[in-house]
Amino acid sequence: MKVGFIGLGVMGRPMALHLHAAGHELHVWARRPQSAEGLPATVCATPAELGRACAVVFTVITSSADVEAVALGPDGLIEGMAPGSVLVDCSTIAPDVARRIAGRLAEKGIDMLDAPVSGGAQGAIAATLAIMAGGDAAVLERVRPLLDCLGQRIVHVGPNGAGQVAKACNQMIMVAAIQAAAEAMRLAAASGVDCGKVRQALAGGSAASRVLDVMGERMVRRDFAAGIEARLHHKDYGLVLQAARESGVPLPLTAVVGQQLNALMAQGWGQDDTASLLRVLELT
Amino acid sequence: MKIGFLGLGIMGRPMALNLLKGGHELTVWARRPESMQPLLDAGATGAASPADAARGAELLISMVADAPDVAEVMRAALPGAAPGLVAVDMSTIAPAAARRIGGELAAAGVDFVDAPVSGGEVGAIAGTLSIMAGGSAAAFAKAQPAFACMGKNIVHVGDAGAGQVAKAANQIVTGMGVLAVAEAYAFAAKNGVDAGKVREALLGGFAYSKILENHGQRMLDRNFKPGFKSWMHEKDLNIVMQTAHELGLCLPGSAATAQMFNAMVGSGLGEEDSIAVLKLLEKLSGQSA
């Protein structure tokens, strides 16, 4: 199948390569042409041109505004994609923006899934991403063979926007858990106790978690090179708190963790790993 | 001075009336024509559009709900703007939005002052508002006679946007202040102590504040009529939190307070005064009023 891919960053690049490895004919567009270098793909001049060539298009882009521009803007996908073709947006964006894009594409008979992913660069490379999909169930079934190339756990959450809501919940829990791990490490260290031993002890009990496992280990090793860049979690927290506001739902813990992320950004650690929340605690 | 005035709500109407009382020649416009009537009765001229209100004016003042409204009415006014017009927005909007609108107006040759106010409806009626202004010294000087009719404590804080920064800071202090007083009352009540006596005791010490005095009294009276509606305070705190997010600024107290106001709006207290945060605290701690 001819598959389009836009957004060839840390996540997008390995995902695109998996689709190619599964025998699909890859078409790509990149804002910075050097991002597409070395990929076994046809490089298109605009998203519209890519859309014309492909039955399914994937996007993995950072911000709501960028996804909207690529999908609906001048020379956007909407100008090229044929009725019945599918846009699978794997970016993490605001649920209402996902719904708006789906609505505009639907007017032209183009299907869309919001299909944000969790699992980080590691999950993208290993093709073990969790994929949370919002949109029509029948559309998901049509593209499921492609998603199977990218991840292991593919859940149809609900209609358009539902995938992004699930992703927002994922980010809330994950970053709060990172903050909790950081606070535990900080308390242990301040009490003169070996952080690594504490983490090891906790790993067998009720506080065990993937975050304590992966991020906790980074904290113990003081390895703050990004797995996931903290600035992306910071961006996601902005989306979550905005959505909470629109729904009139209080999220007191999320709000406080959001402030720790603001402090992290102020220290210039946005491109480091979110395990740097430990370093924020160490500022005081 | 010839002044155009856009937006005649709870705040705008008494502010415009005070300009008339101050002897200024006023042309008013409001989205709902019936809002204009009290002003027309008091001697103002009615305008058919924002442009109509701007025509021939030296000063154009807007007092509307949110940033998109400010941008919309100011844009609509531009065709009527004469050279040398100074546009003054007294609404509470994000500093970044004020700078953007100011830039847009400057490109069209109109000087801009952001001049949000504090003091509520009572202050607007009495002409005792605090006015915090951002913009050039020349533009501020031109608006000063109008400000003097509407307010008492009038401060030129800095360049465009600085007024809104001061207002956001004001909302941080008042938001947390109202929550602090409500928490103190809930604390006293749950301990079986009379909140009114606690207030009286605190008024003499370092915990004294205007909020403890005024809002604190209304909490004791359980008078939750606005005043300042909690959904508007929530909107203002959202400006604070958005700006903090953009700047990388850690504001844990404001963040917790913003969530309480968020919960008020979500649980149907949005139209009540922001002191209704006391009701929310009582509900959370299972206290009966």
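Relevant structure appears above.
Examining the overall build of chain A
Across its full length, chain A carries 12 helices and 9 strands. What you see for chain A is a C-alpha radius of gyration of 20 Å, in line with the 19 Å of a compact globule of 284 residues. The C-alpha extent of chain A, read off along each of the three principal axes, is 65 × 45 × 35 Å. Sequence-distant contacts in chain A: of pairs separated by 6 or more residues, those separated by 24 or more amount to 65%. Summed over its atoms, the accessible surface of chain A is roughly 12,100 Å², and 56% of this surface lies on carbon and sulfur atoms.

Some details on the overall build of chain B
Along the backbone of chain B there are 13 helices and 9 strands. For chain B, the spread of C-alpha atoms along the principal axes amounts to about 65 × 45 × 35 Å. In chain B, which comprises 289 residues, the share counted as buried stands at 50%. Of the contacts formed within chain B by residues at least 6 apart in sequence, a portion of 64% connects residues at least 24 apart.

Points about unusual backbone geometry
Of note, the amide linkage connecting Pro226(B) to Gly227(B) takes the cis form, showing an omega dihedral of 10 degrees. Residue position: Gly227(B) is located in the loop between helix H10 (210–220) and helix H11 (230–247). With a phi close to 55 degrees, Ala127(A) is a non-glycine residue in the positive phi region. Here Ala127(A) is to be found in the loop between helix H5 (120–126) and strand E8 (129–134).

What about the nonpolar core?
Of all hydrophobic cores here, the largest spans 34 residues; its most connected members are Phe5(B), Met15(B), Leu26(B), Ile61(B), Val88(B), Met90(B) and Phe147(B). Of all elements in the fold, only strand E1 (2–6), helix H1 (12–21), strand E2 (25–29), strand E4 (59–62), strand E5 (86–89), strand E8 (129–134) and helix H7 (137–150) of chain B reach the threshold of two or more residues within this core. Apart from the residues within four sequence positions on either side, Phe147(B) is in contact with Val88(B), Met90(B), Val113(B), Ala115(B), Ile131(B), Ala133(B), Phe140(B) and Ile154(B). If you look at the next biggest cluster of nonpolar residues, it comprises 33 residues, including Met15(A), Val28(A), Val56(A) and Val139(A).

Observations regarding the side chain of Thr59(A)
Residues and elements named next belong to chain A. Examined against the element boundaries, Thr 59 turns out to sit in strand E4 (residues 56–59). Relative accessible area serves as the criterion here: at 2%, Thr 59 is assigned to the buried category. Here the side chain of Thr 59 touches Asp 89 through a polar contact of 2.7 Å, side chain to side chain. Residues in contact with Thr 59, not counting those within four places in the same chain, are Ile 6, Val 70, Leu 77, Leu 87, Val 88, Asp 89, Cys 90 and Ser 91.

Focus on the interface of chain B and chain A
Contact residues are listed per partner, giving 17 residues for chain B and 19 residues for chain A. Of the roughly 1,400 Å² buried at the junction of chain B and chain A (both faces included), carbon and sulfur atoms supply 54%. On the chain B side of the contact with chain A, His245(B), Gln259(B) and Asn262(B) bury the most area, a combined 39% of that side's loss. The tally of links from chain B across to chain A stands at 1 salt bridge. Of the charged contacts, one joins Glu234(B) and Arg245(A) as a salt bridge, the two residues approaching to 2.9 Å between their closest N and O atoms. Counting across the interface, chain B meets chain A through 7 residue pairs in polar contact (both at pLDDT 80 or more). Elements with a contribution of two residues or more to the side of chain B that touches chain A: H11 and helix H12 (252–266) of chain B.

Some remarks on the side chain of Ser85(A)
Residues and elements named next belong to chain A. With respect to the helices and strands, the residue Ser 85 is situated in the loop between helix H3 (64–72) and strand E5 (86–89). When its relative accessible area of 4% is taken as the criterion, Ser 85 is described as buried. Ser 85 has contacts with Cys 54, Ala 55, Ile 110 and Asp 111, leaving out every residue within four places of it along the chain.

Thoughts on the pattern of salt bridges
One pass over the structure, following the stated rule, counts 23 salt bridges over all chains. Arg31(B) is the partner of Glu72(B) in a salt bridge, and the nearest nitrogen-oxygen pair spans 3.7 Å. Placement of the pair is Glu72(B) in helix H4 (residues 67–77) and Arg31(B) in the loop between E2 and helix H2 (37–41), with a sequence separation of 41 residues. Salt bridges sharing common partners tie together Glu217(A), Arg221(A) and Asp223(A).

A look at the packing of helix H8 (residues 162–190) of chain B against H11(B)
The relative placement of two packed helices is expressed as an angle between their axes plus a distance between the axes. All names here are of chain B. One can describe the packing of H8 onto H11 by two numbers: an axis separation of 9 Å at closest approach and a directional angle of 120 degrees. Between H8 and H11, the crossing angle belongs to the class labelled oblique. The hand of the H8/H11 crossing is left-handed. Contact residues: Lys 167, Ala 168, Gln 171, Ile 172, Thr 174 and Gly 175 in H8; His 233, Asp 236, Leu 237 and Val 240 in H11.

Calculation notes
Residues take numbers from 1 onward in each chain, read along the sequence in its written order. Whichever chain is written first becomes A and whichever ligand is written first becomes 1, with later ones labelled in order. Whole-chain, interface and lining totals are the exception, using all residues; otherwise, since this is a predicted model, local features are given only for residues with pLDDT of at least 70 and side-chain atom pairs are given and counted only at 80 or more. Calculation of side-chain values draws on the structure's entire complement of heavy atoms; hydrogens and water are dropped beforehand. Counting from the N terminus, the helices are DSSP H or I runs at least four residues long and the strands are E runs at least two residues long. Just to be clear, the radius of gyration here is over C-alpha atoms, and the globule rule we use is 2.2 Å times residues to the power 0.38. Pairs of residues are marked as contacts when any of their non-hydrogen atoms sit within 4.5 Å. Areas reported here follow the Shrake-Rupley algorithm with a probe of radius 1.4 Å; residue values treat only the protein chains shown as occluding. Summary of the burial criterion: residues with accessible area below 20% of their type's maximum are buried, those above 50% are exposed, and those between are partly exposed, where the area comes from a 1.4 Å probe applied to protein chains only. Residues belong to a common nonpolar core when they are buried Ala, Val, Leu, Ile, Met, Phe, Trp, Tyr or Cys residues joined through side-chain atoms within 4.5 Å. Here a polar contact means two N or O atoms within 3.5 Å. Within protein one must be a hydrogen donor candidate and the other an acceptor candidate, and residues neighboring in sequence count only if both atoms are side-chain atoms. By definition, the buried area sums, over both parts, the 1.4 Å-probe accessible area that each loses when the two are put together. Salt bridge, as applied in this entry: a Lys or Arg side-chain nitrogen positioned within 4 Å of an Asp or Glu carboxyl oxygen. Comment: axis = line fitted to C-alpha atoms, over the contacting stretch for helices; angle = value between 0 and 180 degrees taken between N-to-C directions. Geometric relationships in this document are graded by angle, where less than 35 degrees denotes roughly parallel, more than 145 denotes roughly antiparallel, 65 to 115 denotes roughly perpendicular, and other angles denote oblique. A crossing counts as left-handed when the near helix is turned anticlockwise from the far one by less than a right angle, and as right-handed when that turn is clockwise.

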